[in-house]
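Architecture at a glance
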Amino acid sequence: MASARGSATDLAISVRDVVKEFPTGDGGVIRVLDGVTFDIRRGETLVIMGGSGCGKSTLLNCLIGEYSVNGGHILFFTKNMREPADIALMDEDGLNELRKRYGILFQSGALFGSMTLAENVALPLIEHSYVDASIIDIVVTLKLQQVKMLAHRNKMPSQLSGGQKKRAGLARATALDPEILFYDEPSAGLDPVTSAAIDELMMDLSRKLRVTSVVVTHEMDSAFRIADRMVMLDKGRVLKIGDRCEFERIRDADPGTLDGRDERLMHQFLRGASEGPITDADGMTEFEKLIIAGE
Amino acid sequence: MSDPSSESAAGRSHIAYRAISGVGSITRDQASRLVSILSFVGGVTYLFYDALVWAFRGVFQSRIRFGWPALVHQMVRVGVRSISIVFLVQIFIGMILALQMAPTLQSYGQLERVADVVGIAVVRELGPLLTGIVLSGFAGASIAAEIGAMVEAEEIKALRAHALNPVRFLVTPRVLATAGMIVVLTVMADYIGVFGGFLTSVFILDVPPSLYVNLTLDALKMTDFVTGLVKACVFGAVIALIACYEGLNVSGGAEGVGRATTATVVKSIVALIGIDAMFTAVFYALGI
Ligand SMILES: Nc1ncnc2c1ncn2[C@@H]1O[C@H](COP(=O)(O)OP(=O)(O)OP(=O)(O)O)[C@@H](O)[C@H]1O
Ligand SMILES: [Mg+2]
């Protein structure tokens, strides 16, 4: 399980016992995240995986301060703050200060439709950096070049393909030189070649900018390509966190040699059951039933 | 369930149960309707407060720039698109009013008084109200659809994630632009409506043109004009606020955007007429 190994300084984010509930229509609540605990180390690429509906997107929304949590803490260790900042306790102004230090690539790119690519990338700089227009122009050129989109700088987002939108979204996310980059399903809806190109770009950025990357994804190929460490979620809990090679071992092992239900579950999932464990009405996943039936 | 008597007893109690639960669900429905109306009004009011705070911050805090380009862009969009429809509606309303009132006034032998009736009705009431209704179809619907589509494309989330406030960037310029442009449009509407009445009176009712103009000028006081414009300004702000509120609360894909657009038009028109009634009552009580 996750433990706070090492000194606090090589941590980027520490997620502690996070609980998130949504109200249901009939006045009750469903608990989507149930005591999620793990650490994200500075400079690493951490991939968050899990089946459909296990709470990945919800967790990401909690991490970026879009949802407030119902319990637990999310501590950000930023470079020039001595104390970690707990976003569960922050007001909007504090949250905004933190938001300037991280970038997010949304699933669809989320470019502002009324602006050109260059204007999209320039907006965070204009609003938060207080530098000259000529310098902003240079930074924009640089950022667009980094994602190989310079040729399209004066196009509107509606004139771009899905992969191009994501690349441009990445340029905008990195405009303020963030310490942490969040990716929401970076390869969803892309063909394998484009998806591999995005992966390359992500690894490139993480090397060059030394950013911490947190990636939510479905795609196993992509996950194993980019991850330093991985977190497996299931029904709102952390099933396992570990280095990529541990997950590779579970994936490649003979099911008979795996010990415990959790490992067999993960084995199934990592072998490319792309939809993952789908929870039934009786609270059991298809895989659990299979495993129980097999025993 | 083979015993028929117990079955009919069960049937009776079933009917009684249905009747009671029916009454219960009606009151429950009413209560939840009331709650949703209150939360709508509360939400729109809070959005108004938020938009005003950002407008003031933009003007008075040097750290936060006021989005002049965005404001101008929105004004052009709101104004230009609806100008021709406002013209069309007003000129016909002026003409219709004059024709409708003519027989009654003629029976008093004061046909030329058509000028007073048209002038007061258009400037105090129909100019602002009909311009507002046209704008809720044009500006309101398009604002709701635009912001709703932005919600669906995660653009609003992206704004927040870049520490940019969506109210400041989207709501404030739209509210100020609509409130400003509707005043301009209403001034035009007033002239056009009166001109419509003039056309009918001169060419159909044979009122001398100079008499019509003089009677209109005598009948209208500055307060008539100003009260109409004050109302219009409030109408514009309300239309934009309702549209932004509906747009920001879109959920459920393209269908949700469609629902928000329809809801904006319907709620705006109801709100305009309600506010108009309140204004009229207040002006009447104050003798304005
Ligand atoms: N705003 C919400 N209100 C109510 N329930 C929600 C909300 N968002 C998510 N949920 C529920 O929480 C659970 C987890 O959803 P989430 O979107 O986090 O899953 P996910 O792991 O991202 O799945 P996928 O891989 O399909 O995107 C689901 O059962 C979903 O129905
Ligand atoms: Mg998801």
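In short, a report on the structure.

1. What to know about the nonpolar core
The nonpolar side chains of soluble globular proteins are, as a tendency, buried together. Membership of the largest hydrophobic core comes to 78 residues, with the highest contact counts inside it found for Ile13(A), Phe38(A), Ile74(A), Phe76(A) and Phe182(A). At 11 residues, helix α7 (residues 222-248) of chain B tops the list of elements feeding residues into this core. Sequence-distant contacts of Phe76(A), that is, excluding residues within four places in its chain, are made with Ala12(A), Ile13(A), Leu63(A), Pro84(A), Ala85(A), Ile87(A), Leu98(A), Tyr102(A), Ile180(A) and Phe182(A).

2. So, the site of ligand 1
Residues and elements named next belong to chain A. Close contacts around ligand 1 come from Phe22, Val32, Gly51, Ser52, Gly53, Cys54, Gly55, Lys56, Ser57, Thr58 and His218, and that covers them all. Separating an oxygen atom of ligand 1 from a side-chain N or O atom of Ser52 is a distance of 2.6 Å. A distance of 2.8 Å separates an oxygen atom of ligand 1 from a polar backbone atom of Gly53. Alone, ligand 1 offers 630 Å² of accessible surface; in the complex the protein occludes 61% of this. A total of 3 residues in the shell around ligand 1 trace back to one element, the largest contributor, which is helix α1 (residues 56-63). Among the residues making up the shell around ligand 1, the classes are represented as 3 nonpolar, 7 polar and 1 charged.

3. Looking at the sheet that holds strand β2 (residues 29-41) of chain A
Residues and elements named next belong to chain A. Read from one edge of the open sheet, 4 strands run β2-β1-β4-β5, paired in antiparallel fashion. Two strands bound the open sheet, and with one partner strand each, they are β2 and β5 (85-86). Strand direction decides the pairing type here: strand β1 (residues 11-23) and β2, joined by 10 bridges, are antiparallel. Paired with Ile13 across the two strands is Ile40, which belongs to β2.

Reading guide: rules and limits
Residues numbered from 1 in each chain as written. Chains lettered and ligands numbered in written order. Predicted model: local features only at pLDDT ≥ 70, side-chain atom pairs only at ≥ 80, totals over all residues. Heavy atoms only, no water. Core = buried A, V, L, I, M, F, W, Y, C linked by side-chain atoms within 4.5 Å. Buried < 20%, exposed > 50% of the residue type's maximum accessible area, 1.4 Å probe, protein only. Helix = DSSP H or I, 4+ residues; strand = E, 2+ residues; numbered from the N terminus. Contact = heavy atoms within 4.5 Å. Near = heavy atom within 4 Å. Polar contact = N/O pair within 3.5 Å; in protein donor to acceptor, adjacent residues only side chain to side chain. Areas by Shrake-Rupley, 256 points an atom, 1.4 Å probe, with all protein chains shown as cover. Nonpolar A, V, L, I, M, F, W, Y, C, P; charged D, E, K, R; others polar. Pairing = 2+ DSSP bridges.

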